[in-house]
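Remarks on the overall topology
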Amino acid sequence: MMRSLFTAVSGLENHQTRMDVIGNNIANVNTTGFKASRVNFQDTLSQTLSGASAPTDNIGGINPKQVGLGMSVASIDKEMGHGSVQATGNTTDLAIDTDAGFFIIKNGPETYYTRNGDFSLDATGNLVMNGSGMHVQGWNAKEGAKSVSTNGAPTNIAINMNSSMPAQATSSVIFNGNLSADSQPKTIASIVATNDKGAPVTGQGPFSIGTNGVTNIELTFTDGTTASGIPSGGTANGKANGYKIGQQVCPSNTSMITLFDSLGGKHAVPAYFERQIPASANKWTVSVPAGTYDGATITKAVTETVTFDGKTGKWQSGAPLQVNFTVPNVDGSMLPASVSMQFSNMTQYVGVTNANNTSNGYPTGFYKDMTIGQDGVITASYSNGQRLPVAQIAIATFNNSAGLTKEGQSLYATSNNSGQPRVGTFAAEGVTVTPGALEMSNVDIAKEFSNMIVTQRGFQANSKVITTSDEMLETLIQMKR
């Protein structure tokens, strides 16, 4: 009789443990990154009243007679499946999309792991876990580096919000766009040339910019159209003597180039594209005239012939054009600079002329803000429009993540059965994240309510065993009376 009492008591105690776990799950249904737990039961030792006997020739075998002595908690398992993702719009929030993977957090010398990606930058630029101020671990880029080295152990991630990006002098200009295959020669009807004071230059011509003080030439063609500022001096289009009335030319097309010097100074320099005659040759003269443009001085005009395939319209030949110029230094001296202009991306198709270009230079920039990518790379944006990777968040995976020990505050620590962490980049560990979002709890409230009902019934049934055993004991005692 006493056995049933103690057996039922074990049922009460362990069902209470299960209810405690269910209650904790429900309490954390809205806790960021929380992982639900479940309780598994097992029976305990059984008292053997008689052992089993083997069958013989005369009688069959007999099974053992055993009375169970109750039950116990076999395990309390963590359910490590990921929860749903909720967008927050906060650029420093991160939600891990895969079941594996933990952010690495440090509190002084103590290392913890978490699925809670509720991060922010503190006053000095440290990336920390909100609510605790613990440091997020990763790798910081070296000053001025174009990428983040992930060699070595992770350290506290810190963003220098007072950083600046030095200017980069333009060294390469790549021309794109189209030069119209429809461009045809026109006959000059009249010419107006002016000098650097804006006064007309008289005479019959021919006129060339840079010759006899001429700074601008305006042409009027026999069809009534006009063109001005044509840099035809020197060898452009082979017109060593400039323009004259009755001459046939193809009006030039201008593409402005933005050049930056080593101090971040910005200079706008024109490049002119003029189709050579005859047009059937599919050749264009590219020229940059001598002169001073926004402080950049080009002392020698340069030209290059660019040829296109007449059937495909694609670039065929034309070496990069090297333009040398000087810019004033802060001490009054002149800084030499040069830039290479390439044309292989250009085309000659029927339609508009829209020659444009891109260059690799930029002015000095100052830190504006930062974003975190799906690969865990933190990229800083600067006032000059440039972006630079400044850090990369580390991720840890475990052979048995369910073996981690809960430490509160959504933190975990390693245990003897979790295995040691494998620390690496998101890509190396096969982990993906969603920036600007948080991983919610994976508690299934419907399942928890169902488990609660089952647990309650189990508790009630065990309590009924106790009351029934008590009644039986009372009946036994009353027999003596």
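Heads up: these notes are all about the structure in this document. (Residues numbered from 1 in each chain as written. Predicted model: local features only at pLDDT ≥ 70, side-chain atom pairs only at ≥ 80, totals over all residues. Heavy atoms only, no water.)

This part covers the overall build of the chain. A count of helices and strands for the chain gives two helices and 38 strands. The C-alpha atoms of the chain give 41 Å as radius of gyration, which overshoots the globular expectation for 481 residues (23 Å, by more than 25%). Structurally, the chain occupies a C-alpha span of about 150 × 60 × 40 Å along its principal axes. Looking at the 481 residues of the chain, the share that counts as buried comes to 40%. Within the chain, counting contacts between residues at least 6 apart in sequence, those at least 24 apart form 62% of the total. Accessible surface, the chain: about 24,400 Å² in total, of which carbon and sulfur atoms supply 51%. Of the side-chain charges in the chain, 29 are positive and 33 negative, and the distance between the mean point of each set is 4 Å. (Helix = DSSP H or I, 4+ residues; strand = E, 2+ residues; numbered from the N terminus. Rg over C-alpha atoms; globule rule 2.2 N^0.38 Å. Buried < 20%, exposed > 50% of the residue type's maximum accessible area, 1.4 Å probe, protein only. Contact = heavy atoms within 4.5 Å. Areas by Shrake-Rupley, 256 points an atom, 1.4 Å probe, with all protein chains shown as cover. Lys, Arg positive; Asp, Glu negative; His and termini not counted. Charge placed at Lys NZ, Arg CZ, Asp CG, Glu CD.)

Under the definition given, this model contains eight aromatic pairs. Centre to centre, the rings of Phe 273 and Phe 343 are 6.2 Å apart; their planes meet at 85°, and the pair counts as edge-to-face. Within this pair, whereas Phe 273 is found in strand E21 (residues 266-275), its partner Phe 343 is found in the loop between strand E28 (334-342) and strand E29 (356-359), the two being separated by 70 residues in sequence. For the pair Tyr 367 and Tyr 382, a centre-to-centre distance of 6.5 Å together with 85° between the ring planes defines the contact as edge-to-face. Separated by 15 residues along the polypeptide, Tyr 367 in strand E30 (residues 365-372) and Tyr 382 in strand E31 (residues 377-382) bring together distant segments of the chain. Each residue in the set Phe 102, Tyr 113, Phe 398 and Tyr 412 is aromatic and connected to the rest through ring pairs, giving one cluster. Of note, Arg 115 hangs over the ring of Phe 102, and the distance from its end group to the ring centre comes to 6.0 Å. (Phe/Tyr/Trp six-rings, centres within 6.5 Å; stacked < 30°, edge-to-face > 60°. Lys NZ or Arg CZ within 6 Å of the ring centre and 35° of its normal.)

In this model, helix H2 (residues 445-480) (36 residues) spans 54 Å end to end at C-alpha, consistent with the 52 Å of a helix rising 1.5 Å per residue. Taken together, the buried positions of H2 are occupied by Glu 448, Thr 455, Gly 458, Asn 462 and Ser 469. For H2, the elements touching its buried residues are helix H1 (2-27). Capping the start of H2 is the job of one residue whose side-chain oxygen sits 3.2 Å from the backbone nitrogen of Ala 446: Asp 444. (Expected span 1.5 Å × (residues − 1). Polar contact = N/O pair within 3.5 Å; in protein donor to acceptor, adjacent residues only side chain to side chain.)

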